[in-house]
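Here's the letter readout for the chains.
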Amino acid sequence: ALDRIPDEDWANSWKQNYRPLPVGERLLVVPQWMTVDDLQGRLPVILDLGLTFGTGEHASTQLCMRALESLLHGGERVADLGSGSGILSVSALRLGAASAVGVDIDPSAEHIAAANAAQNGFGPDRFTARTGDVVEDADFLQALAGDGFDIVCANIVADVIIRLSRDVGKYLAQDGIFITSGIIDTREQDVQDALAANGFTVIERRTSGGWVALACKAK
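Residues numbered from 1 in each chain as written. Predicted model: local features only at pLDDT ≥ 70, side-chain atom pairs only at ≥ 80, totals over all residues. Heavy atoms only, no water.

Peer 1: Hey, could you run me through the side chain of Asp-104 in this one?
Peer 2: Examined against the element boundaries, Asp-104 turns out to sit in strand S5 (residues 99–104). This buried residue, Asp-104, is left without a salt bridge; Arg-130 holds the nearest opposite charge, at 13 Å. Within the local environment of Asp-104, its side chain forms a polar contact with the backbone nitrogen of Ser-83, the two atoms lying 3.3 Å apart. Separated by 2.8 Å, the side chain of Asp-104 and the backbone nitrogen of Gly-84 make a polar contact. Contacts of Asp-104, omitting those with residues within four sequence positions, involve Gly-82, Ser-83, Gly-84, Ala-109, Arg-130, Thr-131 and Gly-132. (Helix = DSSP H or I, 4+ residues; strand = E, 2+ residues; numbered from the N terminus. Buried < 20%, exposed > 50% of the residue type's maximum accessible area, 1.4 Å probe, protein only. Lys, Arg positive; Asp, Glu negative; His and termini not counted. Salt bridge = Lys/Arg side-chain N within 4 Å of Asp/Glu carboxyl O. Polar contact = N/O pair within 3.5 Å; in protein donor to acceptor, adjacent residues only side chain to side chain. Contact = heavy atoms within 4.5 Å.)

Peer 1: What am I meant to see in the side chain of Arg-42 here?
Peer 2: With respect to the element layout, Arg-42 can be found in the loop between strand S2 (27–31) and strand S3 (43–47). Despite its burial, Arg-42 pairs with no opposite charge; the closest candidate is Glu-69, at 5.6 Å N-O. In this structure the side chain of Arg-42 is engaged in a polar contact, spanning 2.8 Å, whose partner is the backbone oxygen of Leu-27. Setting aside anything within four residues of it in sequence, one finds Arg-42 in contact with Pro-22, Val-23, Gly-24, Glu-25, Arg-26, Leu-27 and Leu-28.

Peer 1: Whenever I open this one, the state of the cysteines confuses me. Can you help?
Peer 2: In a disulfide, the sulfur atoms of two cysteines are held together by a covalent bond. What the rule picks out here adds up to 0 disulfides. Free of any disulfide, Cys-64 has its nearest neighbouring cysteine sulfur in Cys-153, separated by 4.8 Å. (Disulfide = S-S within 2.5 Å.)

Peer 1: Quick question: what am I supposed to make of the sheet that holds strand S7 (residues 149–155) here?
Peer 2: Either a parallel or an antiparallel arrangement is found when strands of a sheet pair, and the pairing is made through backbone hydrogen bonds. The mixed open sheet is built from 7 strands, whose spatial order is S6-S5-S4-S7-S8-S10-S9. In this open sheet, the two strands that pair with only one neighbour each are strand S6 (127–131) and strand S9 (200–208). Strand-to-strand twist of the sheet, defined as the mean angle between neighbouring strand axes without regard to direction, takes the value 15°. Sheet topology places strand S8 (residues 172–184) next to strand S10 (residues 211–218); 6 bridges connect them, and they run antiparallel. Within S10, the residue paired with Ile-184 across the bridge is Trp-211. Contacts from helix H2 (residues 59–71) reach S7, S8, S9 and S10 within the one sheet, and its direction differs from that of S9 by about 130°. Of the strands in this sheet, strand S4 (77–81), S5, S6 and S7 are in contact with helix H3 (residues 87–94), which crosses S5 at around 175°. (Pairing = 2+ DSSP bridges. Axes fitted to C-alpha atoms, helices over the stretch in contact; angles between N-to-C directions.)

Peer 1: Explain the packing of aromatic side chains to me, please; I cannot follow it from the model alone.
Peer 2: By convention here, two paired aromatic rings are described through the distance between centres and the angle between planes. Overall, the coordinates contain 1 aromatic pair when judged by the stated rule. Here Phe-178 and Phe-200 contribute two aromatic rings whose centre-to-centre distance is 5.8 Å and whose plane-to-plane angle is 50°, an arrangement assigned as tilted. Remark: Phe-200 occurs in strand S9 and Phe-178 occurs in strand S8; sequence separation between them is 22 residues. Of the two residues, Phe-178 and Phe-200, neither departs from the other in class, the shared state being buried. (Phe/Tyr/Trp six-rings, centres within 6.5 Å; stacked < 30°, edge-to-face > 60°.)

Structure representation (structure tokens):
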């Protein structure tokens, strides 16, 4: 009987069972096709789910969102490296960041992230999406950083974070924070070593389901 179910039914059936996803203490991931009457006192992060990485379901994304919730006080300039859907940028803006820049190597992510930000009411004055290689093109990031970001998030993979750790200090403002996630626990020590070698001290560590997120400051 399974082969008789039209494809579009499969495409839509998961929507009927989907529930908004609470993350941390204050955020709620809501698909853009769903109307939520009760936000449970949380801040909505509205996304067009299914288009690109960053639905909020993955542990590494949630770890980053929780770190932002803990470390953002309001008014910060945030960079989101490997931004995908823009979920971390939108989360940061919801939590009170003044502005966010999302950078991804995939050109399609630029349009998706900008559309997701717009769904949440954040236009070009608050959110900028750019396409670029965060490891290879240091000049590109340096130009974006200007006087420096207060928070740089990188929810990528350990090898990219290790390479980023060499240059990311140049993109941070005084007392800026580098939030890293997407680190599988077996690679944590490698990342910790690279951060220490590049002058960073870990100020918060979070783990979930074999994934690790580290927030650090330059010494």
